[in-house]
Structure formats: C-alpha cells, structure tokens
Amino acid sequence: MKKTTALLTVAALMSSAAVVNAETLRWARAGDALTLDPHSQNEGPSHTMRHQMYEPLIIRDTAGNFVPTLATDWAPSADNPNVWVFNLREGVKFHDGADFTAEDVVFSFERAKQPNSDMKELIGSITAVRAVSDYVVEIETDGPNPILPSNLTNLFMMDKDWTEANNTVNVQDFEGGEITFATTNVNGTGAYTLVSREPDVKTVMARNEAYWGRDEFPLEVSEIVYTPIQNAATRVAALLSGEIDFLQDMPVQDLARVGDADGLVVKQAPQNRVIFFGMNQGADDIEADDVDGANPLADVRVRKAMSMAINRDAIQQVVMRGQSEPAGMIAPPFVNGWTAEMDGESVTDVEGAKALMAEAGYEDGFSIRLDCPNDRYINDEAICQAAVGMLGQIGVTVNLDAIPKAQHFPKITDGATDFYMLGWGVPTYDSEYIFNFLVHGREDDIGTWNGTGYDNDELDETIKSLASNTDLDARNADIAGIWRVIQDEQLYIPIHHQVLNWGMAENVGIEVDPEDQPRVKYFTMQ
Amino acid sequence: MLPFILKRIFQSLLVLIITGAIAFSMFTFVGDPIDNMLGQERTMEDIERLRAQLGLDRPIPVQYVKFLGEAVQGNFGVSYRQGREVSEIIMERAPATLELAALSAIFAIVVGIALGVFTAIRRDGFVANFIMSASLIGVSLPTFLIGILLIYLFSVELGWLPSFGRGEVVQVGWWTTGFLTESGLKALILPSITLGLYQMTLIMRLVRSEMLEVLRQDYIRFARARGLSERVINFRHALKNTMVPVITVIGLQLGAIIAFAIITETVFQWPGLGLLFINAIQFVDIPVMAAYLMMISVMFVVINLLVDILYAFIDPRLRVAAK
C-alpha cells in the first residue's frame, strides 16, 4: 500500500514536472518567412524563423557582441593576411543525427555563393573555403578582410549529406517559382526542429532535445507556434485576449494599452535603424523645386539650414510618443564609427537657419516636393508631415507626397526623387556598410541607395580601402574621417533612431534584440 | 435561343478581356515588384537581371497577352512573394474563403429571412421597430469597424472566441475544413457574422418590404376571410410568394460575399483568398493580383450570364428583344 502511494506520488511529481517543461510559446508578428531555404532571400522575418532551426558560425547578442555558435573561436591566420581560421564546435549534431563537421561548412559556403543565393553579396570577397581538419576551417578572401565575421551572422550551415540526398544542393530559384526540398524541410543544428509549416498561416516548431546547448541555454520553450497577423488592431487584440504570448511589430499607439493590461509587459530597446532625409545635391537643377536653373540643395548652407529647422525633440515627443532617439548621424549607436558627439550635432536653431538661408540667397525660401513612404517605418508619414511644418518656418514650402513603400523605394534607387525619407539598418555593425550603400558615388555594384548625387572620388577611394585595411586603428581613423566629411557636408538630414517594442505575457522572459531577431532558445517561461 | 446564348457568351468574354486589360494596366501604379524581392544589399546588376528574368522589361500589352495566353492553359505564373505556383496557392486558400462565405451566406439568409418576416408581421411592434433601427447601424458601419468591435467584445473582454485565424483544421483530400473541430467552429463565428451582416440586413429589409406588399394582396384577405390561421397565411401563402425576388438577390449577393471577403479576412487574419490578395497588393505580387482579379471577374460574369439565360428561358419577350 505504502509502496503504491509512493509510486503514485513519484508518478504525480514526474507528470507535474513534465507539465512545467511543456511550455508553448505562441508568437505573432506582422509577416511570415518567405522561404525556409537558408540561402534564398536575405530578409528579416525569414532569417528570424531560420535562426530557431538553423545556426550560423557566429551570432550576435543584444549588445551587438559576437557569440560563438557553431564556431568556438576565430582569428586571422598568422601566416596569410587573406585567411581567417575558424575552429568549429565538436559534438554538434544535425536534427537527423548526422555530425556537424568542417565538410558541412565548406559545402554551405559554396551553396551560399550560387547565383540564386541572396546571401552571395555578403560573402562576395570569399575566394575559397577549406576544411583543414574535421573541426578547423580556413576562409580565404581576395585581400585582407578585417570585418569578415560580421558578414557571417546570418549565414546558416546545412548538412552536406542531407542536402545531397534530398536533391536540394541548388539554392531555390525563388523568382522562378521553384519549390525544393529545403524550401519546406529543415535539417539544422538549431535548438528547434520543424514540426509543420503552412506559409502565411502557421508554423510549429518543437524543442530539439539533442541540442548541443541543451544545458547552456534556458530552452524553457518546448513548442513554438508562430502565426503572422497582419492587421495591427487584431495583433494587439490577440495579445490582450491571451491568444498569443509574444508579439513583435507592436503598433506605437497601443503601447500604453498593452503596458497597462494585467499580465502583459512591453519591453523596448533602440533598434538598429536610423531614419533620415536625403537630398539631391549633385544635380545642377532639380525637378522637384520651384527654383529655375539652380539647385538650392547643392548649397551646403541650405542643407544645414534645413537640418537646423527640424525640431527632433518635438518629433520624438509628439509624433513618436517618446518611441525614438533623436539622431545627429545616420548610424545607430551599435555601429563601429558611431560617436555620441557626432550623434548630438543636430541642433534646432530656427533663427540661425533663417540667417543661413539668407546668406545662401534664399531669404524668400523655395518650394520642394518631399517623397515619403507611408507603410514602411514607424509613423513615417506623420514624421514627414511634422517636417513640412518645421521647414515652412524657414521659408521652405514642402509638398508632401506620401506613397506605399513599393512605389517609394524604386524612386530612390532610380534617382527619381530629389528629397526623400529613408531608413537604414546596419547588419554588419560597421560603418563601411553605410558608406558602401549611402555615401559612395553610385556605380553598378556600389552606392545603390545613394540618391543624393553626391560623388567624391577621394572619399570613394578611402571607402574602398576600408574593405582590406587590417590595421584596425588606421581603419577606424579613416572611418572617423569619412564621417567628419559626411557631417560637415550635411550629406543627409538625420532624424532619429527607431525604438523597437516587443509585447509579451509577464511569464515570458526575453530582452529586445536591436535587430528584431528573437532567438527562442534564450526565452524563459516562468 | 442558341444565337442569344452565343451572343451573351461572346459579350462575357469581351468583358473579361477588357477587365483584365484594365487591371493589368493598373498594376504599373502599384509599384515595382523588384524592390520587394531583392534585399537591401542588391546591386543595379541584380535589378536588371531580375527584371529581364520576370519579363518586366517588356511593354505592358506584351506582358498582358503573355499572361492571357498562359492563363487560358490554367497557368497563372509564380507568386513573387511566396515563390510558388499561383494556381497552387489559390487552391490552398480557396477552402478557407468558401467555408467562410458559405457560413456567412447561411447566417445572412436564415437570420435575414426570419427577421424580415418577423418585422413584417409585427410591423408596429416595439421589437420590430428596434430591429429596423438597429439594422441601419449594421448597414452604415464599415465592415472593418464591426470586426474590430466584435473582436474587442468577444475576444478581449469576454474571452469566448478567438480573435484571429481558422483554429485547428482537418485535411479532407486537398480541402482543409474548420467544420470538424471545436476550435475551427469557434473561429468561424465572428468572421462569418462580420462578413454576413451587411447581406443579412439587406435580405431582411427586402423580405420585409416584399412581405408587406404580399400581405396587402387580395388573396391574403380572402385567405383570412376563409378563416385560415395566421401561421398558415404568413408562412404557407405569403412567404412563398415573397421569396421569388429575394432568391434572385441572394444569388447575386453570394458572389459579392466571396469577392468582398477581403476586409473581413484582413481583420481576422483569415487565411483565405482575400488576405492573399491584400498581401499581394502590398508586395506588388502581380501574378497573384492578376489571377485573383480574373477569377473574381469570371465568377461575376458567369453568374450574370446564368441569370440572363435563365430569365430568357422564363420570359420569351427578352429573346425577341435580343434579336
């Protein structure tokens, strides 16, 4: 009798322990992953989903520091400045039980360099990847590449044998509508395995009990149910009604409501994204203004005056309801090259701005069209509206043209706008990325997003040299120098750093990731 | 009769081709699909290459003719957003919309007729007047707001019903159904009320006015004079004659329910064709937009064609006039 009772008690304890361990995280955000193929589509929500199931060699923590993942350590080779050596973690298994070795790394890099891969630009400098032993890999680049590891944090590792056996060695031809085995199946080394997937409806993942970091990370979530919910009001309602536990893409106007609700919390952190205005200063005459035969934006005094007219604190308080950090440079604080001093350089001074306008010969002002997206950044259109009023104070009459992002962004890359809003994140956490896309003169494969017409050959030389400058101090000095030019030239008008908000049930423990990429293995569920 | 039908079919085809052409020429104003398809690290080369690969560098009429040629063979191309066959995606999404539409229609018809008859019989009663006034709100509030209000009341405040999604679904062949699980049934309630509310009030008002009309007829008075019970008069004699015009309207409204499920599906994150269409617009997913618009046009054209032909069968004068 006693024995039975004891057994029952043990059984009861065990079952209750099992209940504690079986925690489902119901997670929602606005969009879904486009595909599960690790190397097709370089896009935020797709990467976030993959990060649960696949792993790169290295990831970043919420402060932007590198965290060893499938590589335990890495360093430039002592013998050859063009080579980086990565030591791999031993004892890692893929979901199907196969061992993870150097062979898989070599294979994954080769796969990611295929023409259909969206990741190929990030590893364009890599000329060879060699397996030195089972757990050592050498990566050679076409010249010294001091920031190579920064480009690898979203480059996922696949199992060579599994990929070959399932005929999915070629990266999915996404644009051609190809569905491959890797599009819908996952065999990663990650903390979660794929249970089921219905694109745009629901994706279910289960904890990988054989995960190498089983004891190292909390791993308190045993099942993830991921549902995209597009409508902002519905998304918040689902969180308020307890149908989901964790919400990304919180609408700013509902923050207070969610924060005040019983059992819910809102966590926030600065996001890796700056919002700013670009001005076409390269053209002799621009179309969007009412000045004939001249381009007012070509005059640095006008650009400075426009920046000084913008009251960033007012935008932060009124438009963003506190959900932003006024910016003075177009780099977020995590990025190498950011300084507090430069970020504080944009100061409101309407009188000074008027004086500068007069000095430049525009005391009567001019009118110009501002192109603005209305469905891309937080309150994008409202920010532009605020700017219209502020620029009006110094005589710049702004006609606002707010349109969907699908129409707005092509205007910038096609050079069809003279005054526009843009936001920029820096996945590599290094200024070089900003310079390559926003500062370097526009050429075929560089300066793609530079809609300013600014083209400084001397500066371009320095920007290009950053890629292979292994003397980090000298490199950082160059970066600081380039920033000085950007600031003095008022190349762009910085507005603010976006703030990221995650809503969650009280029992969910996770810190906000500046890249908006939650990794569920870090979640606690108390 | 045959020439009449052939003529109508020819006209319908013409309507389809013109609708398609208008839709296609409007796609250029939606934006550039290339922009969404390539990451921010794209180069000018990537843009050119993809544009050529998708045939977007060709003139719009050429793109349209190519689309028509392939659509006739049942090939609607590949979704720019999901990278899968459009026809496959539509087949996958259709059950959700059709189930929602069916339930909304049943709700609209049953409740609409019941309330219509009630308000006609008790037309001076307090309850009937209340229903009539309330129905005005139902007609004038936008679907979006009704959906949000229902979610707020039944999901957030009361916690009875889910605010989004289809719940658990069961796969029957290629069809997925929410009718066989508890969570699936629960998930159907709010969206089908939201979607069917407008049609419900419409049917109710129509039934009421038709019924009032019929109740004034002589044969009803004679029936009363013969001493038939109110129940028999109202339901056996009056309602039957009320239903002829009502059924015509219901038929046309069914098409509208499927076509206008877009807003309801967006509010409730209902994984059907309407949500697919909204996603497609935001992403400038031209193949999906084109296929959806063509499908809806075909549906309306076919419904109208059938109605025309039926009328012609019933009323010979139309046949003569058509000649």
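Residues numbered from 1 in each chain as written. Chains lettered and ligands numbered in written order. Predicted model: local features only at pLDDT ≥ 70, side-chain atom pairs only at ≥ 80, totals over all residues. Heavy atoms only, no water.

1. Topic: the pairing of strand β15 (residues 396-403) of chain A
All names here are of chain A.
So, point 1. As judged from the eight bridges shared by strand β14 (residues 366-373) and β15, these two strands associate in the parallel manner. Bridging across to β15, Cys372 finds its partner in Ala402.
So, point 2. For the crossover that starts at β14, traverses helix α12 (residues 380-392) and ends in the parallel β15, the hand is right-handed. (Pairing = 2+ DSSP bridges. Helix = DSSP H or I, 4+ residues; strand = E, 2+ residues; numbered from the N terminus. Right-handed = clockwise from strand over helix to strand, strands pointing away.)

2. Digging into the sheet that holds strand β6 (residues 126-133) of chain A
Residue and element names in this part refer to chain A.
So, point 1. Pairing in this open sheet of four strands is antiparallel, and the strands run β4-β5-β7-β6 from one edge to the other. The open sheet has two free edges, formed respectively by β4 (71-76) and β6, since each of these has just one partner strand. Each strand axis lies, on average, 20° off the axis of its neighbour in the sheet, ignoring direction.
So, point 2. The sheet contact formed by β6 and strand β7 (residues 136-141) spans six bridges and is antiparallel. Bridging from a neighbouring strand, Val129 pairs with Ile139 of β7.
So, point 3. Helix α3 (residues 102-112) contacts β5 (83-88), β6 and β7 of the sheet and is inclined by roughly 170° relative to β6. (Axes fitted to C-alpha atoms, helices over the stretch in contact; angles between N-to-C directions. Contact = heavy atoms within 4.5 Å.)

3. Quick word on the packing of aromatic side chains
So, point 1. Inspection of every chain in the model, using the stated rule, returns 31 aromatic pairs over all chains.
So, point 2. Judged by centre distance (5.0 Å) and plane angle (40°), the rings of Tyr211 of chain A and Trp212 of chain A are tilted.
So, point 3. We classify Tyr211 of chain A as buried; its relative accessible area is 3%.
So, point 4. Using a relative accessible area of 18% as the deciding quantity, one classes Trp212 of chain A as buried.
So, point 5. Ring geometry for Phe67 of chain B and Phe76 of chain B: centres 6.2 Å apart, planes at 55°, overall tilted.
So, point 6. Judged by relative accessible area, Phe67 of chain B falls into the buried class, the value being 10%.
So, point 7. Three or more aromatic residues joined by ring pairs make a cluster, and in this case those are Tyr377, Phe409, Trp424, Tyr433, Phe437 and Trp449 of chain A.
So, point 8. Positioned above the aromatic ring of Trp212 of chain A is the side chain of Arg89 of chain A, whose terminal nitrogen or guanidinium carbon lies 3.8 Å from the ring centre.
So, point 9. Across from the ring centre of Phe217 of chain A, 4.0 Å away, lies the NZ or CZ of Lys521 of chain A, which sits over that ring. (Phe/Tyr/Trp six-rings, centres within 6.5 Å; stacked < 30°, edge-to-face > 60°. Buried < 20%, exposed > 50% of the residue type's maximum accessible area, 1.4 Å probe, protein only. Lys NZ or Arg CZ within 6 Å of the ring centre and 35° of its normal.)

4. Looking at the state of the cysteines
By definition, a disulfide links the sulfur atoms of two cysteines through a covalent bond.
Residue and element names in this part refer to chain A.
So, point 1. Scanning the model with the defined rule gives one disulfide over all chains in all.
So, point 2. Note on cysteine connectivity: Cys372 is disulfide-linked to Cys384, with sulfurs 2.1 Å apart. Measuring the twist about the S-S bond at about 85°, one finds the Cys372-Cys384 disulfide to be right-handed. Residue Cys372 is found in strand β14, and its partner Cys384 is found in helix α12; the two are separated by twelve residues along the sequence.
So, point 3. Given the relative accessible area of 0%, Cys384 is considered buried. (Disulfide = S-S within 2.5 Å.)

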